[in-house]
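Letter by letter, the chains look like this.
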Amino acid sequence: MQKLYTRWGRELNKDLPLNDYPRPQLRRNSFINLNGEWNYAIYDEYKKFGGYQGKIIVPFSPECLLSGVERMVEPTDVLYYQKIFDFKRTNHRVLLHFGAVDYECKVTLNNSLVGEHKGGYLPFTFDVTAYILDGENDLRLEVKDPTDTSYHARGKQTFKRGGIWYTPQSGIWQTVWLEEVCEGYIESIKLTPDIDADELRIEISYNGKPTDEMAAIALDNGEVMAGTKLVDGKGVIKLTDYECWSPENPKLYDLKIVAGNDQIESYFGMRKFSVGEDSEGTPRLMLNNKPYFFNGLLDQGYWSDGMYTAPHDDALIYDIQTMKDLGFNTLRKHIKIEPLRWYYHCDRLGMICWQDMINGGGKYNFVAIGSAPALAMVFNNKHVGKVSDDEKHYGYFARKDAEGREEFYKESEEMINLLYNVPSLALWTPMNEGWGQFDSEKAYEFYKEKDPTRLVDHASGWVDHGSGDVNSFHIYFTPFMFPKYSKDDRRPIALTEFGGYSMQLKEHSFNTEKFFGYRKYYSQEKFDDAVANLYENRIYNCMKNKGLSAIIYTEVSDVEDECNGLLTYDREVIKITPEVMKRANEKLKY
């Protein structure tokens, strides 16, 4: 396989990579970045630790180029980390933050266990006030990662990579950092914009005295708009003159919250995502109470040199801004939870986000979750909606493990809480196709209970139960047919995966021997013509005549064997001629 570096990876600051504040919606002045060079070792779990084997650049997984290691962590391995750092305390409490560690880790500081964590995609924090020293400190991790040998959430990682499945990655893959806080401090915030009531509802979790005073103010370019006291951590800011957030006008407002001696800075956007009808009575997705066509792409967030980890903040910006420049307004974050800075850039640049939950479960039966439903669609042109995913069929969709089903809901709630405040986030996707799908209607109800402000695609594109806020289709090979689940089905139609047109540029490809794609093209002219025809004729007709409300093209960039991206895997080439894509997208507006 060919080693591909991005332009950012070639210029990586190995001493302190990814040195941007990692939590844009809950900011303090305190930020001590622990990224950079650490010691590492990989030993079989049945062997004693025999000393560190070399250096690794954190937060890049040992499997990727930018880590400097390029070694696979097997399910029976233990990955060891060590970071020696100096510290001088200036405040009461010290918090140790991990953006994400895949999958299971034990953390010690100065030979004392400070905590353990399971789950490869979500951040976690330990209070290390009692363990950290003024002077030299010794931070260590022990990590295990079963990847696809267990039921845990794993995304597209597999030890048998190829096609749409990718090389596994392990260990620390997001920023590690320290933060100093007051004795009483704000742990989290919850912001709910309501454009119908002209207000922002605020709720904070505060680790301090209940008698401490709390307040919040909203600002526009430094000018105070309005404010409120927070009673029991809750309050409402009434707004009289504001602009709604949209991709065309990504207006954000600043927010300051004070609780006791603690103060944090944040931001918010006023917007509303909902379902309604257009002037002709056709069900549509709505933005700010108006029909809005969601024109997007599948975004898997893989990098040729960093795998799950972007090599630089500018790399995240590049993907989002380039897709916007091509005329898209939506990215479906596919089977991955990004660092919070990615969502921040969507917010400020004006890119709507659809967020997938990470798939898990046992070993997939691809006849069950792939071939059979696909063939049903080819021969019947019917949306697959007759296969149950309830308790009788848990094994059919690789969900026999009760622990795995419980873990899905636990991690779903953590994801919803983590991303609840993101203005650009419009829709949740709990399940993709049949990958570990179970109890889809219950999952829909769970998501709506936890977050009634957003839409939910209960089972993207495959085994439909007539539930959810959209009638969701994945169609790559057949004519675009969008049958209703029943005669009473009034859900807006969303083509949540399509396209996948491939063109390989070998000098920018991971696998130079072969490539994967749903339709393959070997010249720029034919690739441009095919994409233009797909959008300007087929999609445009469905939008006008079949009630199509949203589309998600596969995909933003190539990933390993997949060469169906509009960008190459190393982000060096925009494969589609930009004017062709912009012209096609310009037609897809109400």
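Residues numbered from 1 in each chain as written. Predicted model: local features only at pLDDT ≥ 70, side-chain atom pairs only at ≥ 80, totals over all residues. Heavy atoms only, no water.

Novice: Mind showing me how you'd approach the pattern of salt bridges here?
Specialist: It is possible for side chains of opposite charge to pair when their charged atoms get near one another. On inspection of all chains with the given rule, the structure shows 40 salt bridges. When the shortest N-O distance is used, the salt bridge between lysine 106 and glutamate 142 registers 3.9 Å. On the criterion of sequence distance, the pair formed by lysine 106 in strand E7 (residues 104–109) and glutamate 142 in strand E10 (residues 135–144) is long-range, its members being 36 residues apart. Residue classification places glutamate 142 among the partly exposed residues on the basis of a relative accessible area of 34%. Put simply, Arg23, Arg28, Glu179 and Asp262 are held in one network by salt bridges that share partners. (Salt bridge = Lys/Arg side-chain N within 4 Å of Asp/Glu carboxyl O. Helix = DSSP H or I, 4+ residues; strand = E, 2+ residues; numbered from the N terminus. Buried < 20%, exposed > 50% of the residue type's maximum accessible area, 1.4 Å probe, protein only.)

Novice: I keep staring at the sheet that holds strand E27 (residues 455–456) and nothing clicks. Help me out?
Specialist: Think of a sheet as strands paired side by side through backbone hydrogen bonds, with each pair either parallel or antiparallel. An order of E27-E26-E25-E24-E23-E32-E29-E28 is seen for the eight strands of this open sheet, with the pairing classed as parallel. Only two strands of the sheet have a single partner each, and these edge strands are E27 and strand E28 (471–475). As defined by bridge partners, strand E23 (residues 294–299) adjoins strand E24 (residues 330–333) across four bridges and the pair is classed as parallel. Paired with leucine 298 across the strands is arginine 332, a residue of E24. Strand contacts of helix H5 (residues 402–419): strand E25 (352–356) and strand E26 (425–429), with the helix running at about 175 degrees to E26, the strand carrying the most contacts. Its contacts with the sheet place helix H7 (residues 524–545) against E23, strand E29 (493–499) and strand E32 (548–554), and it is angled at close to 155 degrees to E32. (Pairing = 2+ DSSP bridges. Contact = heavy atoms within 4.5 Å. Axes fitted to C-alpha atoms, helices over the stretch in contact; angles between N-to-C directions.)

Novice: Just checking my understanding: could you explain the packing of H5 against helix H6 (residues 440–450) for this structure?
Specialist: Between two packed helices, both the angle of their axes relative to each other and the distance between the axes serve to describe the pair. Where H5 meets H6, the axes come as close as 10 Å, and the angle between the chain directions of the two elements is 30 degrees. Judged by the angle between their axes, H5 and H6 are roughly parallel. Our pair here, H5 against H6, has a crossing hand that is right-handed. Where H5 abuts H6, its residues Phe408, Tyr409, Ser412, Glu413, Met415 and Ile416 lie against Lys442, Ala443, Phe446, Tyr447 and Lys450. Residues of the contact of H5 with H6, tallied by class, amount to seven nonpolar, one polar and three charged. (Parallel < 35°, antiparallel > 145°, perpendicular 65-115°, else oblique. Left-handed = near helix turned anticlockwise from the far one by under 90°. Nonpolar A, V, L, I, M, F, W, Y, C, P; charged D, E, K, R; others polar.)

Novice: Just to check I follow, could you spell out the state of the cysteines for this structure?
Specialist: Using the criterion set out here, one finds zero disulfides in the structure. Here cysteine 346 is not cross-linked by a disulfide; its sulfur's nearest cysteine counterpart is in cysteine 353, at 5.7 Å. (Disulfide = S-S within 2.5 Å.)

Novice: Quick question: what am I supposed to make of helix H8 (residues 578–586) here?
Specialist: An α-helical segment advances 3.6 residues per turn. Residues three or four places apart therefore align on the same side. All of the buried residues along H8 are Val580, Met581, Ala584 and Asn585. Buried residues of H8 fall within an arc of 125 degrees about the axis and therefore sit on the same side. Contacts from the buried residues of H8 go to E23 and H7. (Arc of directions from axis to C-beta.)

Novice: I keep staring at the environment of glycine 499 and nothing clicks. Help me out?
Specialist: Position of glycine 499 relative to the elements: it lies in strand E29. Residue class for glycine 499 comes out buried when judged on its relative accessible area of 4%. Excluding residues within four positions of it along the chain, glycine 499 makes contact with Ile475, Tyr476, Tyr518, Leu534, Tyr553 and Thr554.

Novice: Honestly, the sheet that holds strand E21 (residues 283–287) in this entry has me stumped. Any pointers?
Specialist: Within the open sheet, the three strands sit side by side as E20-E21-E22. Their pairing is antiparallel. On the outer flanks of this sheet lie strand E20 (273–277) and strand E22 (290–291), each paired with one strand and no other. Strand direction decides the pairing type here: E20 and E21, joined by five bridges, are antiparallel. Within E21, the residue paired with glycine 276 across the bridge is arginine 284.

Novice: In this structure, what is going on with unusual backbone geometry? I would like to understand it.
Specialist: For the bond from valine 58 to proline 59, the omega torsion is 20 degrees, close enough to zero to count as cis. Looking along the chain, the bond that leaves threonine 554 and enters glutamate 555 is cis, with omega of 10 degrees. Examined against the element boundaries, glutamate 555 turns out to sit in the loop between E32 and H8. Residues other than glycine seldom take positive phi values, yet threonine 147 does so here, at roughly 50 degrees.

Novice: Any chance you could explain the packing of helix H2 (residues 313–325) against helix H3 (residues 340–349) here in plain terms?
Specialist: Packing of H2 against H3 leaves a shortest axis separation of 10 Å and a crossing angle of 40 degrees. Compared by their axis directions, H2 and H3 come out oblique. Considering only the axes of H2 and H3, their crossing is right-handed. Touching Asp313, Leu316, Ile317, Ile320, Gln321 and Lys324 of H2 are Arg341, Trp342, His345, Cys346, Arg348 and Leu349, all from H3. For the contact of H2 with H3, the per-class residue count stands at six nonpolar, two polar and four charged.

Novice: What is the right way to look at the nonpolar core in this model?
Specialist: Across soluble globular proteins, nonpolar side chains show a tendency to be buried alongside one another. In terms of nonpolar packing, the biggest core is built from 88 residues, with Met323, Leu495 and Tyr535 touching the most fellow members. Of the residues forming this core, the biggest block, nine residues, is contributed by H7. Within the second largest apolar cluster, 30 residues are counted, among which are Cys105, Ile132, Val176 and Leu178. (Core = buried A, V, L, I, M, F, W, Y, C linked by side-chain atoms within 4.5 Å.)

Novice: Is there a simple way to think about the pairing of E29 in this case?
Specialist: Sheet faces and side chains relate simply in a regular strand, where the side chains alternate between the two faces. Most of E29 sits out of view: seven of its seven residues are buried. Inspection of the sheet shows E28 paired to E29 by five bridges, in the parallel sense. If you follow serine 472 over to E29, its bridge partner there is alanine 494. The sheet contact formed by E29 and E32 spans five bridges and is parallel. Each residue of the ladder has a partner; that of leucine 495, found in E32, is isoleucine 551.

Novice: I would appreciate a short explanation of the environment of glycine 235 in the present structure.
Specialist: Topologically, glycine 235 is positioned in strand E17 (residues 234–238). Remark: the alpha-carbon pair of glycine 235 and isoleucine 204, spanning 31 residues in sequence, is separated by 9.2 Å.

Novice: Just checking my understanding: could you explain the packing of aromatic side chains for this structure?
Specialist: For any pair of aromatic rings, the description consists of the separation of the ring centres together with the inter-plane angle of the planes. All told, the structure shown has 48 aromatic pairs when counted by the stated rule. Their ring planes at 70 degrees and their centres at 5.3 Å tell us that tyrosine 21 and phenylalanine 31 sit as a pair that is edge-to-face. On the criterion of sequence distance, the pair formed by tyrosine 21 in the loop between helix H1 (7–10) and strand E1 (32–33) and phenylalanine 31 in the loop between H1 and E1 is long-range, its members being ten residues apart. Note on tyrosine 21: relative accessible area 14%, which makes it buried. When its relative accessible area of 23% is taken as the criterion, phenylalanine 31 is described as partly exposed. Relative to phenylalanine 477, the ring of tyrosine 476 has its centre 6.5 Å away and its plane inclined at 55 degrees; by these criteria the two rings are tilted. Exposure remark for phenylalanine 477: the relative accessible area of 54% places this residue in the exposed category. Taken together, the ring pairs connect Phe328, Phe473, Phe480, Phe482, Phe498, Tyr535 and Tyr553 into an aromatic cluster. Above the plane of the ring of phenylalanine 515 lies lysine 520, whose end atom (NZ or CZ) is 4.5 Å from the centre. If you follow arginine 571 out to its NZ or CZ, it ends over the ring of tryptophan 303, 3.7 Å from the centre. (Phe/Tyr/Trp six-rings, centres within 6.5 Å; stacked < 30°, edge-to-face > 60°. Lys NZ or Arg CZ within 6 Å of the ring centre and 35° of its normal.)

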